[in-house]
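# Fold and contact review
Each chain, written out:
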Amino acid sequence: MLKKFRLFTALLSASMLGLCGISGYYSEKIPDSFYVEKGENLDIAMYPAVSVSSSGTAQTELLTYPSSQEVSLKLFGVIPIKSVEICRTEAPVLTAGGTPFGIKLLMDGVMVVKLSENDCPAKESGIKTGDIIRLINNLPVSSNSDIQRIISGSGGQKLKISVNRSGKEFITYLTPVWSSEKKCYIGGMWVRDSTAGIGTMTFIDKSSGMFAGLGHPVCDSDTGEIVPVSSGKAVPVEITGTVKGRNGVPGELDGCFVSGESIGELEINNRCGIFGKISQQTAESYQGQDYKMGFKQDIETGKAYILCTTEGNTPESYEIDIESINYSGENSTRNMIIKITDKRLIEKTGGIVQGMSGSPIIQNDKIIGAVTHVFISDPTRGYGIFAENMSEYTKQGVTE
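Residues numbered from 1 in each chain as written. Predicted model: local features only at pLDDT ≥ 70, side-chain atom pairs only at ≥ 80, totals over all residues. Heavy atoms only, no water.

Along the backbone of the protein there are 7 helices and 25 strands. Classification of the 400 residues of the protein by burial places 47% in the buried group. Put simply, of all contacts in the protein between residues at least 6 apart along the chain, 67% involve residues at least 24 apart. Of the accessible surface of the protein, which amounts to about 19,700 Å², a share of 50% is contributed by carbon and sulfur atoms. (Helix = DSSP H or I, 4+ residues; strand = E, 2+ residues; numbered from the N terminus. Buried < 20%, exposed > 50% of the residue type's maximum accessible area, 1.4 Å probe, protein only. Contact = heavy atoms within 4.5 Å. Areas by Shrake-Rupley, 256 points an atom, 1.4 Å probe, with all protein chains shown as cover.)

Grouped together as the largest cluster of nonpolar side chains are 39 residues, with contacts concentrated most on Ile30, Val50, Ile306, Ile322, Met336 and Ile361. Taken together, the elements giving at least two residues each to this core come down to strand 1 (33-37), strand 3 (68-75), strand 4 (79-89), strand 15 (229-243), strand 20 (302-308), strand 21 (316-325), strand 22 (336-340) and strand 24 (366-375). Residues Met107, Ile204, Phe211 and Val229 belong to the second largest nonpolar core, which totals 21 residues. (Core = buried A, V, L, I, M, F, W, Y, C linked by side-chain atoms within 4.5 Å.)

Quick look at the pairing of strand 17 (residues 264-270) now. Of all 7 residues making up strand 17, 5 are buried, and the element is well covered by its neighbours. By the bridge criterion, 6 bridges tie strand 17 to strand 18 (residues 273-278) in an arrangement that is antiparallel. In the sheet register, leucine 266 faces strand 18, and the bridge partner there is glycine 276. Between strand 17 and strand 18, which follow one another and run antiparallel, lie 2 residues. (Pairing = 2+ DSSP bridges.)

Within the open sheet, the 4 strands sit side by side as 1-4-3-2. Their pairing is mixed. Where the open sheet ends on each side, the last strands, each with one partner, are strand 1 and strand 2 (50-53). The mean angle between the axes of side-by-side strands here comes to 45°, regardless of whether they run parallel or antiparallel. Two strands pair when backbone bridges link them, and strand 1 and strand 4 are joined in this way by 5 bridges, in the parallel orientation. Among the inter-strand pairings, tyrosine 35 is bridged to a residue of strand 4, identified as cysteine 87. (Axes fitted to C-alpha atoms, helices over the stretch in contact; angles between N-to-C directions.)

For the structure shown, the criterion picks out 7 aromatic pairs. Grouping aromatic residues by their ring pairs yields a cluster made of Tyr47, Tyr327 and Phe386. Above the face of the tryptophan 190 ring, lysine 114 is positioned so that its terminal group lies 5.2 Å from the ring centre. Sitting over the face of the ring of tyrosine 173, lysine 158 holds its NZ or CZ atom 5.9 Å from the ring centroid. (Phe/Tyr/Trp six-rings, centres within 6.5 Å; stacked < 30°, edge-to-face > 60°. Lys NZ or Arg CZ within 6 Å of the ring centre and 35° of its normal.)

The next point concerns the confidence of the model for the protein. Looking at the protein as a whole, the pLDDT averages 83, with 89% of positions reaching at least 70. When pLDDT is averaged over each element of the protein, strand 23 (residues 360-363) comes out on top at 96 and helix 2 (residues 59-62) at the bottom at 48. Per-residue pLDDT stays below 50 along residues 10-14; that stretch engages in 0 contacts with residues further than four places along the chain or on separate chains. (pLDDT = per-residue confidence, 0-100.)

Across the 7 residues that make up strand 9 (residues 159-165), a large majority, 5, are buried. With 4 bridges joining them, strand 7 (residues 132-136) and strand 9 adopt antiparallel strand pairing. Within strand 9, the position partnered with leucine 135 by the bridge is serine 162. Where strand 9 and strand 10 (residues 168-174) come together, 7 bridges link them in antiparallel fashion. Bridging across to strand 10, arginine 165 finds its partner in lysine 168.

Residue placement: threonine 172 occurs in strand 10. What makes threonine 172 buried here is its relative accessible area of 9%. Separated by 2.5 Å, the side chain of threonine 172 and the backbone oxygen of serine 125 make a polar contact. Beyond its immediate sequence surroundings of up to four residues, threonine 172 is in contact with Ser125, Ile127, Leu159, Lys160, Ile161 and Val163. (Polar contact = N/O pair within 3.5 Å; in protein donor to acceptor, adjacent residues only side chain to side chain.)

On to unusual backbone geometry, then. Positive phi, close to 70°, is recorded for asparagine 138, a residue that is not glycine. Position of asparagine 138 relative to the elements: it lies in the loop between strand 7 and strand 8 (139-140). Even without a glycine there, the phi angle at serine 166 is positive, about 55°. One can find serine 166 in the loop between strand 9 and strand 10.

As a volume, the largest pocket reaches approximately 580 Å³. Lining the largest pocket are 25 residues, and of these Thr99, Thr282, Tyr286, Gln287 and Asn313 sit closest to its centre. Residues of the lining of the largest pocket, tallied by class, amount to 12 nonpolar, 12 polar and 1 charged. (1 Å grid on protein atoms, 1.4 Å probe; cavity = no way out; pocket = protein on both sides within 12 Å on 5 of 7 lines; lining within 4 Å. Points joined across faces, edges and corners; volume = space filled by probe spheres on them. Nonpolar A, V, L, I, M, F, W, Y, C, P; charged D, E, K, R; others polar.)

Turning to the side chain of threonine 310, a few remarks are in order. Looking at the secondary structure, you find threonine 310 in the loop between strand 20 and strand 21. Taking relative accessible area as the criterion, threonine 310 reaches 10% and is therefore assigned buried. If we ignore the near neighbours within four places in the chain, the residues touching threonine 310 are Ile239, Thr242, Leu253, Tyr318, Leu345, Lys348 and Thr349.

And the structure:
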């Protein structure tokens, strides 16, 4: 009898340890906060066994709108997992994109893209590639010609440089040197004041007049740093061809800027994409379908669709498979791993190619995210970002 009791106790202890381990797993995987639609419960599609504990809280209180409150999550309604914050909100209705657009950005200041090997006052002053210079001797600089004019006219006198490096401002001093070859004073650095490219529009939020694209930042091609925006335009683009992707070599969409009015003003360039004010004419004439936005907990693995353009400027729908969902890290633009399964798109492009970033992802009649990156080793697979992460920057009054 005693032996049976010990066996039972051991089995019970092992079971409890196992359940605690499972609880810890869910606690790590589940984020600390959720947006939840008015009048709905928090249901996490990826974890159907997890639910909100209603202990001590009336069900009508849990559905109150608008509100922000802390609730407890339990496994099978019994085993505590963690407390999370629920923010009640109205999911926006967004007009799906999928159309290509041209990006013309003027930087806020100038970006250092290269330093001289020899006679480099910039390097001696502590300046590095990727740094943003906005002021010299308290005078604003916004172009390469501004830099050249001030340095060449310095007479070799020390210059006060205001530098931004990874979001932090500091002051340094640069003393130009005379170049016998160029017959002027130089700073030993090359700078860039603008950039251009092609991406895909993700959605338009007609309630705020804002649009979103790319799902990742526009970065400088030499330094890899996010380009700071002073001003910019989104312009019409026509896709003229495709370079097919293959293992180890990413493909790309070829296109050209179409003359005519811009489709919007670019205002924000950050980790979640590029955002701007849509022109009234574009907002009124855009033919995209309206979808309610799906929150991250609505997304499930399995079949979904993307909208993208591989020819001209008219998007088509292509089937994909959402292989995995990663809730960890609110700053991540790699929230999902997706795989192109539509043979038509694989035949045309080989899978995901450059220029396709921003293609909206549709699942269960909701816009849930956007394509962001391709796997170099397998062009049929890549990453996607949650739509709710991008939507944060198309709300009325958001500036950054």
